[in-house]
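Notes for the structure review
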Amino acid sequence: MALQVWTVGEDDEDLKNHRELLPLSKLQEIGVLYWHLDPKRPESEEELAKIRKDRGYNYMDHLDICPGKLANFEEKLKNFFTEHMHADEEIRYNLEGGGYFDVRDKDDKWVRIWIKEGDIIVLPAGIYHRFALDAANHVKLMKLFLGEPVWIAHNRPQEDHPVWQEYVKRLTDDNAGGLVGAPWTSSLLANGKKKDWPIQSSKLWKNNSTYVCFFYLIWLIVPPPLFSVFCSHALYLLDVMPEN
Ligand SMILES: CSCCC(=O)C(=O)O
Ligand SMILES: [Fe+2]
Ligand code: NI
């Protein structure tokens, strides 16, 4: 079962009713990574080892969040559910049970990620998030880290924190889709810089309709032979002539 992701309100209570699932591209947009393994199959060991090697996660320990097993259970849950960020990635592999990671999207709305057995999730450094158990009321997590682990949670607001600032900068750099479609971005696209930005069709149409109006105006005011000369030159200059 793929991860389930949906929008939730500010308070937990009003959430359970409107679970309209969002596409997983929502997570990509905000830099959240995920994998799914089957902790019960031996092959998953190898897959996990590969992920750890690729991303440099050399540290590992376990955390059982369970009423009987975790000291100060209630207090810890309260802290987990307090909106915070970290200066490093938060990496969790869910071995048992289930929980909700709420992360802030680009509009500062909560997006709820339901992690179940086998889900691995990586929250980027600087992202605001919180965590709660699901109805099973327990979860067994593997915590991974790159280098010496630091578990400091910086509660919101952290707008002066350089890691938060860096995260937000990356978000806006990667998603400045508003410019795509404007003629001056084509060289950026050609350089392979922002190839997979979403193209905003409304912006494309705005640019094209300007050209169409311009050509129509010229067609009205110049004699036909001149118009064809004008067109061939204009199209060449606009670089939309098909190459033969
Ligand atoms: C116990 S994992 C989820 C809670 C959290 O965000 C954290 O530990 O930083
Ligand atoms: Fe956290
Ligand atoms: Ni338990």
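Residues numbered from 1 in each chain as written. Chains lettered and ligands numbered in written order. Predicted model: local features only at pLDDT ≥ 70, side-chain atom pairs only at ≥ 80, totals over all residues.

**Re the site of ligand 1**
For clarity, the threshold we go by: Think of it this way: take the backbone, place a C-beta atom on it, and check whether that atom is within 6 Å of the molecule or strand, in which case the residue is near it. To qualify as a helix, a DSSP run of H or I must reach at least 4 residues; to qualify as a strand, a run of E must reach at least 2; elements of each kind are numbered from the N terminus. Here the term charged refers only to Asp, Glu, Lys and Arg, the term nonpolar to Ala, Val, Leu, Ile, Met, Phe, Trp, Tyr, Cys and Pro, and the term polar to all other amino acids, Gly among them.
Taken together, Leu63, Phe80, Glu90, Arg92, His129, Phe131, Leu141 and Ala153 form the complete shell of residues around ligand 1. Counting residues per element, the ones that place at least two in the shell around ligand 1 are β5 (90-97) and β9 (129-133). Here the residues of the shell around ligand 1 sort into 5 nonpolar, 1 polar and 2 charged.

**Topic: the nonpolar core**
To keep it simple, the criterion reads: For the purposes of this analysis, a nonpolar core is taken to be any set of buried Ala, Val, Leu, Ile, Met, Phe, Trp, Tyr and Cys residues that are connected through C-beta atoms within 7 Å. Neighbour density around each residue's C-beta defines its exposure: 20 or more other C-beta atoms within 10 Å make it buried, 12 or fewer make it exposed, and counts between make it partly exposed, where C-beta atoms are placed from the backbone. Two residues qualify as a contact pair if the distance between their C-beta atoms, derived from the backbone, is within 7 Å.
Membership of the largest hydrophobic core comes to 23 residues, with the highest contact counts inside it found for Val32, Phe101, Val103, Ile113, Ile121 and Leu123. For this core, the secondary-structure elements that each account for two or more residues are β5, β6 (99-104), β7 (110-115), β8 (119-123) and β10 (139-145). Counting residues per element, this core draws most heavily on β7, at 4 residues. In contact with Ile113, not counting residues within four places along its chain, are Leu3, Val5, Tyr100, Phe101, Val103 and Ile121.

**Here we look at the sheet that holds β10**
Selection criterion: Strands qualify as paired when DSSP identifies two bridges or more between them. Axes, fitted as lines to C-alpha atoms, cover a helix only where it is in contact. Angles between the N-to-C directions of the axes lie from 0 to 180 degrees.
Ordered by their spatial adjacency, 5 strands build an open sheet running β2-β8-β5-β10-β3, and the pairing between neighbours is antiparallel. The two strands at the open ends of the sheet, each matched to only one other strand, are β2 (33-36) and β3 (59-65). Pairwise comparison of adjacent strand axes, ignoring direction, gives a mean angle of 20° for this sheet.

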